[in-house]
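One-letter residues, chain by chain:
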Amino acid sequence: MALAPAGDFRTSYRADMTIFPTRNSLIAVLLGIAILCAAPLVLGRYEMGLLINIGFMGIAALGLNILVGFTGQISIGHAAFFGFGAFLSAYLHEKFHIPVILCIPLAGIGTAFVGLIFGLPAARLKGLYLAIATLAAQFILEDFFARARWFTGGVAGRMTESVELFGIRFDREESYFYIVLFFTIVMFVMAANLMRSRDGRALIAVRDHYLSAEVMGINLAYYRTLSFAISSLYAGVAGALYGHYLLFVSVEAFNILFSIQFLAMVIIGGLGSVMGSLMGAAFMVLMPEGVQWVADLLAGGWIDRTLKIGGSISFLREMAIGAAIILFLVFEPDGLAHRWKQIKAYWKLYPFSH
Amino acid sequence: MEPAILEADNVSLRFGGVKALTEVSFHVRRAEIFSIIGPNGAGKTSMVNCVSGRYRPTEGRVSFEGRDITRMGANRRAAVGIGRTFQNLALFGHMSVLQNIMVGRHHLMRAGFLRGMLHWGGARKEEIEHRRAVEEIIDFLEIQHVRHAPAGTLSYGLRKRVELARAVAVSPRLILLDEPMAGMNLEEKEDMARFIIDLNQEWGMTVLMIEHDMGVVMDISHRVMVLDFGRKLVEGTPAEVLAHPQVRRAYLGEDVGAEPVPA
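Values in this document were obtained by computation on a predicted structure and should not be read as measured data.

## Quick look at the interface of chain B and chain A
Phase 1 of the analysis: Every contact between the two is made by 34 residues of chain B and, on the other side, 29 residues of chain A.
Phase 2 of the analysis: For the side of chain B that touches chain A, the elements supplying multiple residues, two or more each, are helix H2 (77-80), helix H3 (97-104), helix H4 (113-118) and helix H5 (123-140) of chain B.

## Regarding the pairing of strand E7 (residues 174-178) of chain B
Residue and element names in this part refer to chain B.
Phase 1 of the analysis: With five of five residues buried, E7 lies mostly within the body of the structure.
Phase 2 of the analysis: Both faces of E7 are covered, namely the face carrying Leu 174, Leu 176 and Asp 178 and the face carrying Ile 175 and Leu 177.
Phase 3 of the analysis: Bridging between strand E6 (residues 82-84) and E7 involves three bridges; their strand directions are parallel. When the sheet's bridge partners are listed, Ile 82 is paired in E7 with Leu 174.
Phase 4 of the analysis: Direction of pairing for E7 relative to strand E8 (residues 206-210): parallel, over a ladder of five bridges. Its bridge partner lying in E8, Leu 174 is registered against Thr 206.
Phase 5 of the analysis: Handedness of the β-α-β unit built from E7, helix H7 (residues 186-201) and E8 comes out right-handed.

## Section: the sheet that holds strand E4 (residues 59-64) of chain B
All names here are of chain B.
Phase 1 of the analysis: The strand order across the open sheet built from four strands is E2-E1-E4-E5, with neighbouring strands paired in antiparallel fashion. Strands with a single pairing partner mark the edges of an open sheet, and in this sheet they are strand E2 (18-29) and strand E5 (67-68).
Phase 2 of the analysis: Taken together, the five bridges between strand E1 (residues 4-15) and E4 define a ladder with antiparallel strand orientation. Considered in E4, the bridge of Glu 7 is made with Ser 63.

## A few points about helix H12 (residues 274-298) of chain A
Residue and element names in this part refer to chain A.
Phase 1 of the analysis: When the terminal C-alpha atoms of H12 are compared, their 36 Å separation across 25 residues agrees well with the 36 Å that a helix rising 1.5 Å per residue should span.
Phase 2 of the analysis: Most pronounced at Leu 286, the bend in H12 amounts to some 30°, and the proline Pro 288 follows within four residues.
Phase 3 of the analysis: Where H12 is concerned, the buried positions are Val 274, Gly 276, Ser 277, Leu 278, Met 279, Gly 280, Ala 281, Ala 282, Phe 283 and Met 284.
Phase 4 of the analysis: On the buried face of H12, the contacting elements are helix H2 (45-70), helix H7 (173-195), helix H11 (256-269) and helix H15 (335-349).

Quick notes on the rules
Residues numbered from 1 in each chain as written. Chains lettered and ligands numbered in written order. Predicted model: local features only at pLDDT ≥ 70, side-chain atom pairs only at ≥ 80, totals over all residues. Contact = placed C-beta atoms within 7 Å. Helix = DSSP H or I, 4+ residues; strand = E, 2+ residues; numbered from the N terminus. Buried ≥ 20, exposed ≤ 12 C-beta atoms within 10 Å, placed from the backbone. Pairing = 2+ DSSP bridges. Right-handed = clockwise from strand over helix to strand, strands pointing away. Expected span 1.5 Å × (residues − 1). Bend = angle between axes of the 7 residues up to and from the residue.

Structure, rendered in structure tokens:
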């Protein structure tokens, strides 16, 4: 349990079950959301775009974290489900004229069913074998995207509409941001709730010790498959948000590299941590910006002249991502979420930390 | 005399050519403490695994409360009324002690993932109800002070106790304890023995236990079965079992004369 301030006692079981351990942590989060709501007043379009990216990437990473971090399964086909959600939402809107705001959750549910199908092998496979099975899901779906022109628009891609609500079009970064913020909060609260209730515990039990989980009455096949479905639900919602943000969805975005990026987010953020997923996503979205900034600083300098990196920023970026993953695995295998906890503990106990 | 709650009828278990169990029959009566003893590799844990569903007997039948459970999946046996602990610790290491024990309530809870995600529709109420039951177990096993600690960080003796708590949380009518006292010091053993007796007498659970500590086994068991090389050697009250010449030789180091005992 997090360090509770002296005198902060729980007097009911309900108070002991809350998502936020103390009143202050709840206030801090609400304040954070309030500040975010005011962000469009201060930040420009580009920065808002980054925040939107962090939002839907965070949702997708959270989905993968439920699968990888909480259930201990593995998937290297997450981007394919993300893409499926994007296409499905666009398709539902165009074909059945369902309002986009409803298409997004529906896309999540639809993707969950697709995830359920591809998750069936997960009931029996573990570790590397499952990794290969999910790799198959990645390629099958990618191939499906390229061929099913009615669904995806084929190689040309598919145009999507922006969200329209009460006559307002959320087609600019400043406005669409609120849609993403809303879904991000809902999806994260739902995940936090899941993890403090029966089925969430069952997922963690399957990860930590599947033999004794079975003896406790947990159906391993059911929960392993369920975890896949839930993770796809998150990927679907995130994909739909992505689609309605870019207003154009094309096949080639959802490749295996993208899947691996999601894995990187989850590892960097912290396996088995809800908030870590958001931190990992933020890290992965902001790091290239940081690298860009550094590269701009270096451009023309003596390092640039000797190494000639000026034009190969993307190359530098990939290297930075790789280096970040390695460094995290070595120095902080529990991810940013864990580091954050330690920083908090440090200040709480300062200067008597021992 | 109480009727049998668990019956094993001619249970044999083979792994390829290895015979782990050969035609073992026994029954456990309701509300008794029944111990299985025997040397290493005698098939004690295999027998318990046949009861808990980890293994499926190659031949024979296991029935619980008159119902054939030989082919029932392991995960369905919690709901039937069988709980167990493991010989090697099998806690959910990253979960808190409290959450570990809450997992034991799994089959008694109803809220699925949808209600769980929304934390609505009775999910919270159910959670609180079961929390109450779990706290009672925590009080009983005296682990209040580690309630919120991650299970993986606890000392060995405490972990054993948490594992027992988790098995008790299943609310089983038959609880299988695989070496509950292995690796414990004298004081911890005494505590554990007292918990087992309380479980039996106050919580009304039937106990099927594997244990190597002869002192404890003979003190608290109502009946004892001895396994050797996968076969049943003898079954009876502690006094009867102790009187058996082969048991005397194996466990008490007694020299039973020069002539070999017929197997």
